[in-house]
Amino acid sequence: VQLQASGGGLVHAGGSLRLSCVASGRTFSSYTVGWFRQISGEDREFVAAIRRSGHTYYATSVKDRFTISRDNAKNTVYLQMNGLKPEDTAVYYCAADPNLILSNIRSALGYKSWGQGTQVTVSS
């Protein structure tokens, strides 16, 4: 599956953004989809994931501020980000895998397909 991430931008602290991850392929609804973020020179950090069942998982740092959701009819997964903080500044990537086991859901190594990143910058 090919992924296309979009929706990044520059916002002030406390603002909101919604990222989108659009996938090609008819079986996207069966994929686990995750969002990761990366600051230059650092490893990719897990942000959130959603399984085909709809179950969601979040990093502690974003829980209660970010919401991941999916619209299978549109082959799209969203990441609604509210209450943004300067420390949320990063390049955000979406990733997907059809056979991801639960124990790997927070690991970038578990995902086979990756989209290009979208930059999110939060000013203080």
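Described below are features of the structure shown in this document. Every value quoted in this text rests on a predicted model; they were computed, and no experiment measured them.

## Here we look at the overall build of the chain
Then comes step 1: Within the chain one finds zero helices and eleven strands.
Then comes step 2: Relative to the compact-globule value of 14 Å for 124 residues, the chain shows a C-alpha radius of gyration of 13 Å, a close match.
Then comes step 3: With the C-alpha coordinates aligned to their principal axes, the bounding extent of the chain is approximately 40 × 25 × 25 Å.
Then comes step 4: Here the chain holds 124 residues, and the buried ones make up 44% of them.
Then comes step 5: In the chain, once contacts between residues fewer than 6 apart in sequence are set aside, the share between residues at least 24 apart is 58%.
Then comes step 6: Carbon and sulfur atoms make up 48% of the accessible area of the chain, which amounts to about 6400 Å² in all.
Then comes step 7: Positive and negative charge centroids in the chain, built from 13 and 8 side chains respectively, lie 10 Å apart.

## Remarks on the pairing of strand 8 (residues 76–81)
Then comes step 1: Of all six residues making up strand 8, five are buried, and the element is well covered by its neighbours.
Then comes step 2: With six bridges joining them, strand 3 (residues 17–23) and strand 8 adopt antiparallel strand pairing. Bridge pairing in strand 8 places arginine 18 opposite glutamine 80.
Then comes step 3: Between strand 7 (residues 66–71) and strand 8, which pair antiparallel and follow one another directly, the connecting turn spans four residues, one of which, asparagine 75, has a positive phi of 50°.

## Remarks on the pairing of strand 11 (residues 118–123)
Then comes step 1: By the alternation rule, side chains of strand 11 split into Thr118, Val120 and Val122, which are all buried, and Gln119, Thr121 and Ser123, of which none is buried.
Then comes step 2: Here four bridges tie strand 2 (residues 9–12) to strand 11, and the two strands are oriented parallel to one another. Within strand 11, the residue paired with glycine 9 across the bridge is valine 120.
Then comes step 3: Bridging between strand 9 (residues 90–97) and strand 11 involves three bridges; their strand directions are antiparallel.

## What to know about the environment of valine 120
Then comes step 1: Note that valine 120 resides in strand 11.
Then comes step 2: On the accessibility criterion, valine 120 (0% relative accessible area) is buried.
Then comes step 3: As a C-alpha pair, valine 120 and tyrosine 92 span 28 residues in sequence and 6.9 Å in three-dimensional space.
Then comes step 4: Non-local contacts of valine 120, meaning those with residues more than four positions away in its chain, are made with Gly8, Gly9, Leu17, Leu19, Met81, Asp88, Thr89, Ala90 and Tyr92.

Definitions and limits used
Residues numbered from 1 in each chain as written. Predicted model: local features only at pLDDT ≥ 70, side-chain atom pairs only at ≥ 80, totals over all residues. Heavy atoms only, no water. Helix = DSSP H or I, 4+ residues; strand = E, 2+ residues; numbered from the N terminus. Rg over C-alpha atoms; globule rule 2.2 N^0.38 Å. Buried < 20%, exposed > 50% of the residue type's maximum accessible area, 1.4 Å probe, protein only. Contact = heavy atoms within 4.5 Å. Areas by Shrake-Rupley, 256 points an atom, 1.4 Å probe, with all protein chains shown as cover. Lys, Arg positive; Asp, Glu negative; His and termini not counted. Charge placed at Lys NZ, Arg CZ, Asp CG, Glu CD. Pairing = 2+ DSSP bridges.

Spatial relationships are all this shows, so hold off on functional conclusions.
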